[in-house]
Amino acid sequence: MINNYCGIDSLEKLKLASTDSATDSVESCLDCLLKALANNNTEASMKIQEMGVLPLLPTLLNPQSSCTPKVANIIAEVAKNEFMRSPCVEAGLIPPLIQLLNSTDQEVLLQTGRALGNICYDSHSLQAQLINMGVIPTLVKLLGIHSHNTALTEMCLIAFGNLAELESSKEQFASTNIAEELVRLFQKQTEHEKKEMIFEVLAPLAENDVIKLQLVEAGLVECLLDVVAQTVDGEREEDIAQLKTASDLMVLLLLGDESMQKLFEGGKGSVFQRVLSWIPSHNHQLQLAGALAIANFARNDGNCIHMVDTGIVQKLLELLDRHVEEGNVTVQHAALSALRNLAIPVVNKSKMLSAGVADVVLKFLQSEMPPVQFKLLGTLRMLIDTQAEAADQLGTNGKLVERLVEWCEAKDHAGVMGESNRLLSALIRHSKSKEVVRTVIQGGGVKHLVTMATSEHMIMQNEALVALGLIAGLDLGKTEKDFVGASLVSVLHKLLSDERSAPEIKYNSMILICAVMGSEPLHKEVQSLAFIDVVSKLRAHENKTVSHQASLTEQRLTAQS
C-alpha cells in the first residue's frame, strides 16, 4: 500500500521536482515509488495514474540523466498491470523509450526493454507499432553487441519471440543478421532453458523462406544435428524435449525450396545422409522427423528419382512394417506421405510397385485414423497412375474396394471421402478392365462415382465421368440398375444444362449419354428429359470439340428417338 511517507508525498514531490530537474530529489522520489511498487504494485500503479504522474515521465527519460534507468524501471513495473498499458501509451512513453534503445548504458537498455515489452504485452497493434518504428534492427544490433550480458540477451530473446509471431516482422528480421546472431548465441549455450529460449524465437522465424535459407547458411542445421546426437539416448525430460524441438525445426527448415535443395546437395549432402540414418532409429521422434524430412526432400522429380534409385523406399517400407503392430499414427502418416511424394514421377511408379509398396500400404487398410487413411489412399492413387497391371490387381481386390466404398461415405472426413472416390475412379480408368468394373459394381461403388460427378471440383467431376463412361462401355447390363438408382441421367442433364460446366465436363457427359443409350430403362429416362434440346444448343458452343460431340450426340438421340 502507498503510505504517506513513501507514496503520495513522493508523487507530489516528483511532480514539482520534474519541473526544476533537481536530480537528487527526483532520484529519492523514484526510489520511494519503486519501493511502493515492490510492496503493492497494483495499488501503487493506481495512485500513479490518479495523480497524473505518467505524462511527466517522458521528460525524465533523458539519455544523459542518471535517473533514466529508474524511470524506465517504474514504467516496466506499472505496465505489468493490464489497466496501465493504455495510459502508458497515451502518456507518450513509447517514442522516448524507443530512443533509449540507442543508449550504451546496459542498465538503461535492460529497463527500457522491460518497459516496452510490458507495455506492448499481448497487443499485436502495439507490437506492430514498434516494428514500424524500426525496433527490430536496433534489437538485433543490441544482441550482437551485448551477447555476454545474460539479462540483456534474455530481454532481446523475449522481444524477438513476441515480435516474430507477427507476419509483418518477418521482412524486417530477414533484412538483419538475426540468423547469424541466434546461431552464434545458440552455439555458446550449455543450459537447456537458454537453448529453449532461442528455439522459441527460431521456430516462428523459420516459417519465413528467406530466413530459412539464412539459418541454413549460418550453420543452424549443424547445431540441430549436434543436439539430436547429444539427446537421442537421453531419458531426462529435457533431453526428450530438446530432441523433439531440434528435429521438428530441422523438418521446418526443409519446407523452404531453396533451403531444402541446399541441404539435399544432389543426394550427397552430409545433412541428407544424417537425416536418412534417423529412419531406422529406435526413437519414434527421430523416425517421424526422418520420414517427414524425406517427404520434404521429395518435392521435385529429380530428388524423388535419385532417392528411389538409392534405396530409400526399402527403408520406409521397413519403418512402416515396424509400425503395423506398434501403430504409431504420426510415423505411419509421415512414412506414407514420403512414399506418396516419391511415387509422383512416372519412372518411379513401376520401381516402387516392384519393391512391394502397394502390399505394405495395404496392411494399413484397417486403420481407423483419418490422417493415415488419407495418405494411404493418396499413395495408392499415385502408384497406379498409368500403371494398368497394378490398377487391375488392386481393382479386383474385394477387400480394398469394400473399404473404399465404406470411406466414400465418411462425411465427417471430406479428405478421406474425396480420396476414396478418386482412387475408385482411378482403378477403373487406369485398368480399363471388365473385372475391375465388376468388382466395383458388386462392392456398391457406382452410386459414389455418380455423386462424385456432381463435385465442386472440376478434376473430380471429370475423373468420375470418364470412369462412368468405362463402366457403361464395359458392362452396361450389370450396372444398369445402379445407374437408374443413382439418377445418373438426371445428373448428366444438370451438368449439360449448367452454363458453368467446363467444356471437358460437357464433352464427357455427352459421351456417357451415348454410352447408356443401349439400356432400355436409361434410354427412356434420356427421352423423358428432352436431352435433344440441351444438346442441340451445345452445337453452337465455342469449344470445337464440344460442338462436334454435340452434333454426334444429337444425331444419336434423333436416330433412337
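About the cut-offs
Residues numbered from 1 in each chain as written. Predicted model: local features only at pLDDT ≥ 70, side-chain atom pairs only at ≥ 80, totals over all residues. Heavy atoms only, no water. Helix = DSSP H or I, 4+ residues; strand = E, 2+ residues; numbered from the N terminus. Rg over C-alpha atoms; globule rule 2.2 N^0.38 Å. Buried < 20%, exposed > 50% of the residue type's maximum accessible area, 1.4 Å probe, protein only. Contact = heavy atoms within 4.5 Å. Areas by Shrake-Rupley, 256 points an atom, 1.4 Å probe, with all protein chains shown as cover. Lys, Arg positive; Asp, Glu negative; His and termini not counted. Charge placed at Lys NZ, Arg CZ, Asp CG, Glu CD. Axes fitted to C-alpha atoms, helices over the stretch in contact; angles between N-to-C directions. Parallel < 35°, antiparallel > 145°, perpendicular 65-115°, else oblique. Left-handed = near helix turned anticlockwise from the far one by under 90°. Nonpolar A, V, L, I, M, F, W, Y, C, P; charged D, E, K, R; others polar. UniProt positions renumbered as here; feature names shortened; annotations may be inferred. Polar contact = N/O pair within 3.5 Å; in protein donor to acceptor, adjacent residues only side chain to side chain. Phe/Tyr/Trp six-rings, centres within 6.5 Å; stacked < 30°, edge-to-face > 60°. Salt bridge = Lys/Arg side-chain N within 4 Å of Asp/Glu carboxyl O. pLDDT = per-residue confidence, 0-100.

An unreviewed UniProt entry lists the protein under the name Rap1 GTPase-GDP dissociation stimulator 1, from Dicentrarchus labrax.

(A) Representation of the overall build of the protein within the structure. When its secondary structure is counted, the protein shows 37 helices and zero strands. Radius of gyration (C-alpha) of the protein: 34 Å, far over the 24 Å computed for a compact globule of 561 residues. Seen through its principal axes, the protein has C-alpha atoms that stretch 110 × 55 × 40 Å. Every one of the 561 residues in the protein was classed for burial, and the buried ones make up 55%. Summarising the internal contacts of the protein: among those between residues at least 6 apart in sequence, 71% fall at separations of at least 24. A total of about 25,000 Å² of accessible surface is found on the protein, and carbon and sulfur atoms cover 50% of it. Side chains of the protein carry 48 positive and 68 negative charges; the gap between the two charge centres is 7 Å.

(B) Just the packing of helix α21 (residues 301–309) against helix α24 (residues 346–354), in detail. In the contact formed by α21 and α24, the axes pass within 10 Å of each other and the chain directions differ by 25°. For the element pair α21 / α24, the angle class is roughly parallel. Of the two elements, α21 crosses α24, and the hand of that crossing is left-handed. For the pair α21 and α24, contact is made by Cys304, Ile305, Val308 and Asp309 and by Val347, Asn348, Lys351 and Met352, respectively.

(C) Representation of the packing of helix α10 (residues 135–145) against helix α12 (residues 167–174). At a closest axis distance of 9 Å, the pairing of α10 and α12 adopts a crossing angle of 50°. Between α10 and α12, the angle is such that the two are oblique. Where α10 crosses over α12, the two elements pack in a sense that is right-handed. Across from Ile136, Pro137 and Val140 in α10, the residues of α12 making contact are Ser169, Gln172 and Phe173. When the residues that make up the contact of α10 with α12 are grouped by side-chain class, the tally is four nonpolar, two polar and no charged.

(D) Focus on the UniProt feature "repeat: ARM" (unreviewed entry) in the protein. This chain's UniProt record puts "repeat: ARM" (unreviewed entry) on residues 92–134 and 311–357. In residues 92–134, the share of helix is 70% and the share of strand is 0%. The end C-alpha atoms are 17 Å apart.

(E) Molecular detail of helix α30 (residues 434–442). Those residues of α30 that sit buried are Val436, Val437, Thr439, Val440 and Ile441. Along its buried surface, α30 packs onto α27 (388–395), α28 (398–407), α29 (414–431), α31 (446–452) and α32 (458–485). For α30, the capping residue at the N-terminal end is Ser433, with a side-chain oxygen 3.1 Å from the backbone nitrogen of Glu435. Just downstream of α30 lies Gly444, where phi reads positive at about 80°.

(F) Structural detail: the packing of aromatic side chains. Scanning all chains against the criterion turns up five aromatic pairs. On the basis of an interplanar angle of 55° and a centroid distance of 5.1 Å, the ring pair of Phe186 and Phe199 is categorised as tilted. Highlighted residues: Phe186 in helix α13 (residues 178–188) and Phe199 in helix α14 (residues 192–205), separated in sequence by 13 residues. Note on Phe186: relative accessible area 3%, which makes it buried.

(G) Fine view of unusual backbone geometry. Backbone geometry at Asp122 places phi at a positive 65°, although glycine is not the residue there. Along the polypeptide, Asp122 turns up in the loop between α8 (106–119) and α9 (124–132). Not every positive phi belongs to a glycine, and Lys432 is a case in point at roughly 50°. Its place among the elements puts Lys432 in the loop between α29 and α30.

(H) Focus on the pattern of salt bridges. In this structure the tally under the stated criterion is 27 salt bridges. Taking the shortest distance from any N to any O, the salt bridge between Glu368 and Arg403 comes out at 3.1 Å. Taken together, the positions of Glu368 in the loop between α25 (357–362) and α26 (370–384) and Arg403 in helix α28 put the pair 35 residues apart, joining distant regions of the chain. Under the relative-accessibility criterion, Glu368 is labelled exposed at 56%. On the accessibility criterion, Arg403 (5% relative accessible area) is buried. Here Arg422 and Glu463 are joined by a salt bridge, their closest N and O atoms 2.8 Å apart. Separated by 41 residues along the polypeptide, Arg422 in helix α29 and Glu463 in helix α32 bring together distant segments of the chain.

(I) How the structure looks around the confidence of the model for the protein. Residues with a pLDDT of 70 or more make up 95% of the protein, whose mean pLDDT is 91. Of all helices and strands in the protein, the one with the weakest mean pLDDT is helix α1 (residues 8–20) (55), whereas α24 scores best (97).

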